[in-house]
Amino acid sequence: MASAATTNPGYDRLAELKAFDDTKAGVKGLVDAGIKELPRIFHTPPDSLNCRPLASPEDPDFILPVIDLEGTTNPERRKHIVEKIKDAAANWGFFQIVNHGVPVSTLNEMKAGVRRFFDQDVEVKKEFYGSDLTGKVVYSSSYDLYTSPAATWRDSILYHMVPDPPETEQMPACCRGIVTEYSGEMVKLGDLLFQLLSEALGLGTNRLKEMGCADGMATLCHYYPACPQPELTMGIHHHADLGFITILLQDAVGGLQVLRRDCWVDVPPVPEGLVVNIGDMFQLISNGRFPSVVHRAVVKSVGPRVSVGAFFRNEASSGSKVYGPIAELITEMNPSKYREVTVGDFYKHNAGGTYLQQLEL
């Protein structure tokens, strides 16, 4: 494929990318500078933007399940919740949860903390700017800036919180307390969800935790400023998550879309709710019972929008650990669909989100 610089004489895409990167001011820096037109580096190819229709929000087949987690200590109520999760995970790969136990004050303060970080002066934020996503705390804008066909309209800050969190002084002063508190709540909620998902697969309550599904967790905060031309770009290109599960907090602006039956489905924010989705590694260990589903984030002319994802996945230190379909799920009628793989190889080769297909038997 010809490069943009070849097909558009006088347009040096690499130079523009580098100029943007060197500012370390991110997308918010462009907005603060008062731009009225979207820089060309953010223009997403039209066939990628509009490749599938948007589902009607009135169609019951395209309404994401919302599951009430209240009462998980009651055996009968828990069975009902597990069945709901089983159905949603198998048929959607996504669901929303309410009455999940995370205090509303913590949810609100986490969103406020993200805004505080990105509202700071550039000189303060620059300390955390980088492209090495293995760092303890990394602020970036389009971490695939030089490899993606188009830059994305968002800024992000990543915290590797489990198993080895950053020291307090390594975190931004404006939000270190709430990031630590929120991440702790996500660890507790993740433990509960892995119990319920384990039971939904017909396994022992602690089977997934014993496998190490909760041994690593990163908190990733996204900030999407209002966009002058939202029809030309994306907040996050379509992708599937690599790990086991993701728990997402989104604000009232919204923008998350899930691919279902070849249509994009809006995921409307639910007050005090959280979104849960299955990742590629979970699809692998569940032998395809619970699928990892493609999703994306669109941007809007209003904002900023804030979202916070808790990503449960093994860290680099688990690179030699081997995963494959769980033995208890394999029968003569349901043979293994995937071969085993090390964590290191899975993450190394799955950057494009297609490695699961290569593991199929």
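This text goes with the structure placed above it.
Because the structure is a prediction, the values reported are computed rather than measured.

Tell me about the overall build of the chain, residues and numbers included.
On a plain count of helices and strands, the chain comes out with 12 helices and 14 strands. Computed over C-alpha atoms, the radius of gyration of the chain comes to 20 Å, within 12% of the 21 Å expected from 2.2 N^0.38 for 361 residues, which places it in the range of a compact globule. Dimensions of the chain, computed from C-alpha atoms along their principal axes, come out at roughly 60 × 45 × 45 Å. Burial status across the chain gives 50% buried among its 361 residues. Residue pairs at least 24 apart in sequence account for 76% of intrachain contacts in the chain once pairs closer than 6 positions are excluded. Looking at the chain as shown, the accessible area adds up to about 16,400 Å², and 52% of this sits on carbon and sulfur atoms. Computed over 34 positive and 45 negative side-chain charges, the separation of the two mean positions in the chain equals 1 Å.

Residues and numbers for the sheet that holds strand β2 (residues 94-98), please.
With mixed pairing, 8 strands are arranged side by side in an open sheet as β1-β2-β10-β7-β12-β5-β4-β3. The open sheet has two edge strands with one neighbour each: β1 (66-68) and β3 (137-140). Averaged over all pairs of adjacent strands, the angle between strand axes in this sheet comes to 25°, irrespective of strand direction. Alignment of β1 against β2, held across 3 bridges, turns out to be parallel. Note that in β2 the partner of Ile67 across the bridge is Ile97. Packing against the sheet, helix α5 (residues 75-91) makes contact with β1, β2 and β10 (274-278), and its axis sits at approximately 165° to β1.

Can you explain the packing of aromatic side chains? Please cite residues and give values.
Aromatic ring pairs are described here by two measures, namely the spacing of the ring centres and the angle between the planes. For the structure shown, the criterion picks out 13 aromatic pairs. Each ring, one from Phe117 and one from Phe118, has its centre 4.9 Å from the other, and the planes form 85°; the classification is edge-to-face. Take Phe117 and Phe118: they sit in the same class, and that class is buried. Summarising the aromatic geometry, the rings of Tyr129 and Tyr139 are spaced 5.1 Å apart at their centres and angled 75° between planes, so their arrangement reads as edge-to-face. Residue Tyr129 is located in the loop between α7 (122-125) and β3, and its partner Tyr139 is located in strand β3; the two are separated by 10 residues in the primary sequence. Accessibility expressed as a relative area gives 16% for Tyr129, which makes it buried. The exposure class of Tyr139 is buried, given its relative accessible area of 0%. Put simply, the rings of Phe117, Phe118, Phe128, Tyr129, Tyr139 and Tyr223 touch in pairs and so form one group of aromatic residues.

I'd love a proper account of the sheet that holds strand β9 (residues 263-266), names of residues and values included.
One open sheet holds the 4 strands; their spatial order is β6-β11-β8-β9, and the pairing between them is antiparallel. The outermost strands of the open sheet, each flanked by one partner alone, are β6 (236-239) and β9. Averaged over all adjacent pairs, the angle separating strand axes in this sheet is 25°, with direction ignored. Here β6 pairs with strand β11 (residues 295-297) via 2 bridges, running antiparallel. Paired with Ile236 across the bridge in β11 is Ala297.

I'd like a description of empty space enclosed by the protein, backed by residues and values.
Overall, the coordinates contain 2 cavities of 30 Å³ or more when judged by the stated rule. One number sums up the size of the largest cavity: a volume of about 40 Å³. As for the largest cavity, its lining consists of Tyr224, Pro225, Val253, Gly254, Val298, Val299, Lys300, Val302 and Arg305. When the residues that make up the lining of the largest cavity are grouped by side-chain class, the tally is 6 nonpolar, 1 polar and 2 charged.

Give a description of the environment of Gly319 that names residues and reports values.
Of note, Gly319 is situated in the loop between β12 (305-312) and β13 (322-323). The sequence separation of Gly319 and Phe194 amounts to 125 residues, and the corresponding C-alpha distance is 21 Å. Here Gly319 is in contact with Thr342, Val343 and Gly344, once residues within four sequence places are set aside.

The rules behind each value
- Residues numbered from 1 in each chain as written.
- Predicted model: local features only at pLDDT ≥ 70, side-chain atom pairs only at ≥ 80, totals over all residues.
- Heavy atoms only, no water.
- Helix = DSSP H or I, 4+ residues; strand = E, 2+ residues; numbered from the N terminus.
- Rg over C-alpha atoms; globule rule 2.2 N^0.38 Å.
- Buried < 20%, exposed > 50% of the residue type's maximum accessible area, 1.4 Å probe, protein only.
- Contact = heavy atoms within 4.5 Å.
- Areas by Shrake-Rupley, 256 points an atom, 1.4 Å probe, with all protein chains shown as cover.
- Lys, Arg positive; Asp, Glu negative; His and termini not counted.
- Charge placed at Lys NZ, Arg CZ, Asp CG, Glu CD.
- Pairing = 2+ DSSP bridges.
- Axes fitted to C-alpha atoms, helices over the stretch in contact; angles between N-to-C directions.
- Phe/Tyr/Trp six-rings, centres within 6.5 Å; stacked < 30°, edge-to-face > 60°.
- 1 Å grid on protein atoms, 1.4 Å probe; cavity = no way out; pocket = protein on both sides within 12 Å on 5 of 7 lines; lining within 4 Å.
- Points joined across faces, edges and corners; volume = space filled by probe spheres on them.
- Nonpolar A, V, L, I, M, F, W, Y, C, P; charged D, E, K, R; others polar.

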